[in-house]
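Notes for the structure review
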Amino acid sequence: MNQEAGMTEQAGMTEQAATRVALYTFAQHTNRRVAEFRWQPGQAVSLTILDPEWGALAQDFYDNGVPVGAERVPPEAGPDFMRALLQRFRMSYYKFVDESG
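Residues numbered from 1 in each chain as written. Predicted model: local features only at pLDDT ≥ 70, side-chain atom pairs only at ≥ 80, totals over all residues. Heavy atoms only, no water.

**What to know about the overall build of the protein**
Each helix and strand in the protein was counted, giving 3 helices and 6 strands. Counted from the first residue to the last, the protein has its helices and strands arranged as α-β-β-β-α-β-β-α-β. Here the protein, with 101 residues, has 39% of them falling under the buried criterion. When contacts within the protein are restricted to residue pairs at least 6 apart in sequence, long-range pairs at least 24 apart make up 44% of them. When the accessible surface of the protein is split by element, carbon and sulfur atoms take 48% of a total near 6,400 Å². (Helix = DSSP H or I, 4+ residues; strand = E, 2+ residues; numbered from the N terminus. Buried < 20%, exposed > 50% of the residue type's maximum accessible area, 1.4 Å probe, protein only. Contact = heavy atoms within 4.5 Å. Areas by Shrake-Rupley, 256 points an atom, 1.4 Å probe, with all protein chains shown as cover.)

**Describing the sheet that holds strand 6 (residues 94–98)**
Overall, antiparallel pairing links the 4 strands, which are arranged 3-2-1-6 in an open sheet. Taken across any chain shown, the strands that pair with only one partner, and hence form the sheet edges, are strand 3 (46–49) and strand 6. Within this sheet the neighbouring strands show an average axis-to-axis angle of 20°, counted without direction. (Pairing = 2+ DSSP bridges. Axes fitted to C-alpha atoms, helices over the stretch in contact; angles between N-to-C directions.)

**Section: the environment of phenylalanine 26**
Within the secondary structure, phenylalanine 26 is located in the loop between strand 1 (20–25) and strand 2 (32–38). According to the relative accessible area criterion, phenylalanine 26 is partly exposed, its value standing at 36%. Spatially, the C-alpha atoms of phenylalanine 26 and tyrosine 94 are 6.1 Å apart, while their sequence positions differ by 68 residues. Discounting residues that sit within four places of it in the chain, phenylalanine 26 has contacts with Asn31, Tyr93, Tyr94 and Lys95.

**Observations regarding helix 2 (residues 56–64)**
Within the span of helix 2, buried status applies to Leu57, Ala58 and Phe61. What you see down the axis of helix 2 is that its buried residues fit within an arc of 100°, all on one side. Looking at the buried side of helix 2, the elements it contacts are strand 1, strand 2, strand 3, strand 4 (66–68), helix 3 (79–85) and strand 6. One or two steps after helix 2, the chain reaches glycine 65, where phi turns positive at roughly 90°. (Arc of directions from axis to C-beta.)

**Looking at the packing of aromatic side chains**
Throughout the structure, instances matching the rule amount to 6 aromatic pairs. Judged by centre distance (5.6 Å) and plane angle (35°), the rings of phenylalanine 61 and phenylalanine 89 are tilted. Linking phenylalanine 61 in helix 2 with phenylalanine 89 in the loop between helix 3 and strand 6, this pair joins segments that are 28 residues apart in sequence. Aromatic side chains phenylalanine 89 and phenylalanine 96 sit 5.8 Å apart centroid to centroid with 50° between the ring planes, which places their arrangement in the tilted category. You can call phenylalanine 96 buried: its relative accessible area is 8%. Members of the aromatic cluster, each reached through a chain of ring pairs, are Phe37, Phe61, Phe81, Phe89 and Phe96. (Phe/Tyr/Trp six-rings, centres within 6.5 Å; stacked < 30°, edge-to-face > 60°.)

Structure (structure tokens):
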């Protein structure tokens, strides 16, 4: 396991998990909300796709898990999945935003 992934896991143990994370795209010079993940303690993570084309990344993460180092965190992991969405990804056109409130 690489050092960054280890730090993410350690941080995840103490940080409160997000309950709502939105995916935005910055493609085509716009700032558009394309998907939303929701989680509450005792419930499964849910995903709402707002734009099927640009929300495909969110669907992939929901179906296959969020990559963290060499591993993938599945949505069944609840709070760990939500934390994994908020790690720093090297993406030009997308950003996950914690909209818990």
